[in-house]
Amino acid sequence: MSDTDRPEDRPAAPAATPAPSAVSSPDEVTIRRAPKFGVFIVGGAVLGFLATLLVVTLTMDIDRGDQQDADFGTLVGYFSLWGVTIGAFVGAVVAIVLDRVFARRAARLTAERVEVEPAEETVDGEVEEHGDASGPVERTDC
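Rules behind the numbers
- Residue numbers here run from 1 along each chain, matching the order of that chain's written sequence.
- A pLDDT threshold of at least 70 governs which residues receive local features in this predicted model, and a stricter bar of 80 or more applies before side-chain atom pairs are shown or counted, although totals over entire chains, interfaces and linings include all residues.
- In computing side-chain properties, one takes all heavy atoms of the structure into account and sets aside hydrogens as well as water.
- A run of DSSP states H or I qualifies as a helix once it reaches four residues; a run of E qualifies as a strand once it reaches two. Both are numbered from the N-terminal end.
- Throughout, exposure labels follow a simple rule: accessible area from a 1.4 Å probe, protein chains only, divided by the maximum for the residue type, with under 20% read as buried, over 50% as exposed, and the rest as partly exposed.
- Only heavy atoms enter the contact rule, under which two residues are in contact if any of them lie within 4.5 Å.
- Here a Phe, Tyr or Trp ring, Trp counted by its six-membered ring, pairs with any other such ring whose centre lies within 6.5 Å, and the pair is stacked when the planes are under 30 degrees apart, edge-to-face when over 60, and tilted otherwise.
- Placement of a charge over a ring requires the Lys NZ or Arg CZ to be within 6 Å of the ring centre, with the centre-to-atom vector within 35 degrees of the ring normal.
- Here, a salt bridge means any Lys or Arg side-chain nitrogen found within 4 Å of an Asp or Glu carboxyl oxygen.
- Patch criteria: residues need more than 30% relative accessible area and no salt bridge. Like-charged residues are merged within 9 Å; nonpolar side chains of Val, Leu, Ile, Met, Phe, Trp and Tyr are merged within 5 Å.
- Only the protein chains shown count as cover for residues, with accessible areas throughout obtained via the Shrake-Rupley method and a probe of 1.4 Å.
- To obtain an axis, a line is fitted to C-alpha atoms, over the contacting stretch when the element is a helix, and the angle between two such axes runs from 0 to 180 degrees between their N-to-C directions.
- When the near helix sits turned anticlockwise from the far one by under a right angle, the crossing is termed left-handed; a clockwise turn instead gives a right-handed crossing.
- Classification used: nonpolar for Ala, Val, Leu, Ile, Met, Phe, Trp, Tyr, Cys and Pro, charged for Asp, Glu, Lys and Arg, polar for all others including Gly.
- Multiply 1.5 Å by the residue count of a helix minus one, and that product is the helix's expected span.
- Directions from the helix axis toward the C-beta atoms define the arc.
- The bend at a residue is defined as the angle formed between two axes, one fitted to the seven residues ending at that residue and one fitted to the seven starting there.

*Asks:* Looking at this model, I keep getting lost on the overall build of the protein. Mind explaining?
*Replies:* If you tally the helices and strands in the protein, you get two helices and two strands. Ordering the α and β elements of the protein from the N terminus gives β-α-α-β. By the burial criterion, 11% of the 142 residues in the protein qualify as buried. A fraction of 84% describes how many contacts in the protein between residues 6 or more apart in sequence connect residues 24 or more apart.

So, in structure tokens, the structure goes:
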């Protein structure tokens, strides 16, 4: 004898269960890359602060004549207000330009949306009520 399955050797199929109903509809979608604006703005602000720090460090030794000399921390604090603001603005502009460039390269595709409604579950031996449920349901188990 061989180990091949013959129709009479296969286990019986379970009782027919209702299949879920599926509804599909085509949708047009756009696939594109988009920059994260917050990352560009914060990155620009950090670069603006570093540029301010570099400029203040390089200009500390310049002779200013009769003016009072301010300490390093005061100068960095004051000029970093400008540097951080300008850096954040430049970062936002770069993000907007990149967003426009990526929008031109966007691909339009057709996707299929499938909505599946689950079938009602019934248990073997469960009595289904049909019609008016005003009276008691009799079960006859023999």
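*Asks:* Hey, could you run me through the packing of aromatic side chains in this one?
*Replies:* How two aromatic rings sit relative to each other is given by the distance of their centres and the angle of their planes. One pass over the full model with this rule turns up one aromatic pair. The cationic tip of Arg 33 hangs over the ring face of Phe 102; the distance from NZ or CZ to the ring centre is 5.9 Å.

*Asks:* Could you clarify how one ought to interpret the pattern of salt bridges in this entry?
*Replies:* Should the charged atoms of two oppositely charged side chains come close, the side chains can pair. If you walk through the whole model with that rule in mind, you get three salt bridges. The salt bridge partner of Asp 27 is Arg 113, with a shortest N-O separation of 3.0 Å. On the criterion of sequence distance, the pair formed by Asp 27 in strand β1 (residues 21–31) and Arg 113 in strand β2 (residues 107–117) is long-range, its members being 86 residues apart. According to the relative accessible area criterion, Arg 113 is partly exposed, its value standing at 48%. For Glu 28, the salt bridge goes to Arg 108, with nearest N and O atoms at 2.6 Å. Residue Glu 28 is located in strand β1, and its partner Arg 108 is located in strand β2; the two are separated by 80 residues in the primary sequence.

*Asks:* Help me out: how do you make sense of the side chain of Ser 80 in this one?
*Replies:* Tracing the chain through its elements places Ser 80 in helix α2 (residues 72–104). A relative accessible area of 12% means that Ser 80 is categorised as buried. Beyond its immediate stretch of four places on either side in the chain, Ser 80 contacts Phe 49, Thr 52 and Thr 85.

*Asks:* Is there a simple way to think about a nonpolar patch on the surface in this case?
*Replies:* A cluster of nonpolar side chains, Tyr 78, Phe 79, Leu 81, Trp 82, Ile 86, Phe 89, Val 90, Val 93, Val 94 and Val 97, forms an exposed patch at the surface whose accessible area comes to about 1,000 Å². Within the secondary structure, Phe 79 is located in helix α2. When its relative accessible area of 39% is taken as the criterion, Phe 79 is described as partly exposed.

*Asks:* Looking at this structure, I do not really get the packing of helix α1 (residues 37–58) against α2. What am I missing?
*Replies:* A pair of packed helices is captured by two measures, namely the crossing angle of their axes and the spacing between those axes. Where α1 meets α2, the closest approach of the two axes is 6 Å, and the angle between their N-to-C directions is 145°. Crossing angle aside, the handedness with which α1 passes α2 is right-handed. Classifying every residue of the contact of α1 with α2 by side-chain character gives 18 nonpolar, eight polar and one charged.

*Asks:* Explain α1 to me, please; I cannot follow it from the model alone.
*Replies:* Counting along an α-helix, one turn takes 3.6 residues, and residues three or four places apart therefore face a common direction. Taking 1.5 Å as the rise per residue, α1 with 22 residues should run 32 Å; its terminal C-alpha atoms sit 31 Å apart, in good agreement. Among all positions of α1, only Gly 44, Ala 45, Gly 48, Thr 52 and Val 56 are buried. Down the axis, α1 shows its buried residues gathered within 100° of arc, on one side only. Residues Val 39, Leu 47, Leu 54 and Leu 58 are exposed on α1 and point more than 90 degrees away from its buried face. Those residues of α1 that are buried are in contact with α2.

*Asks:* Looking at this structure, I do not really get α2. What am I missing?
*Replies:* In this model, α2 (33 residues) spans 47 Å end to end at C-alpha, consistent with the 48 Å of a helix rising 1.5 Å per residue. The sharpest bend along α2 measures roughly 35° and falls at Ser 80. Leu 75, Val 76, Ser 80, Gly 83, Gly 87, Ala 88, Gly 91, Ala 92, Ala 95 and Asp 99 are the residues of α2 that are buried. Elements in contact with the buried residues of α2: α1.

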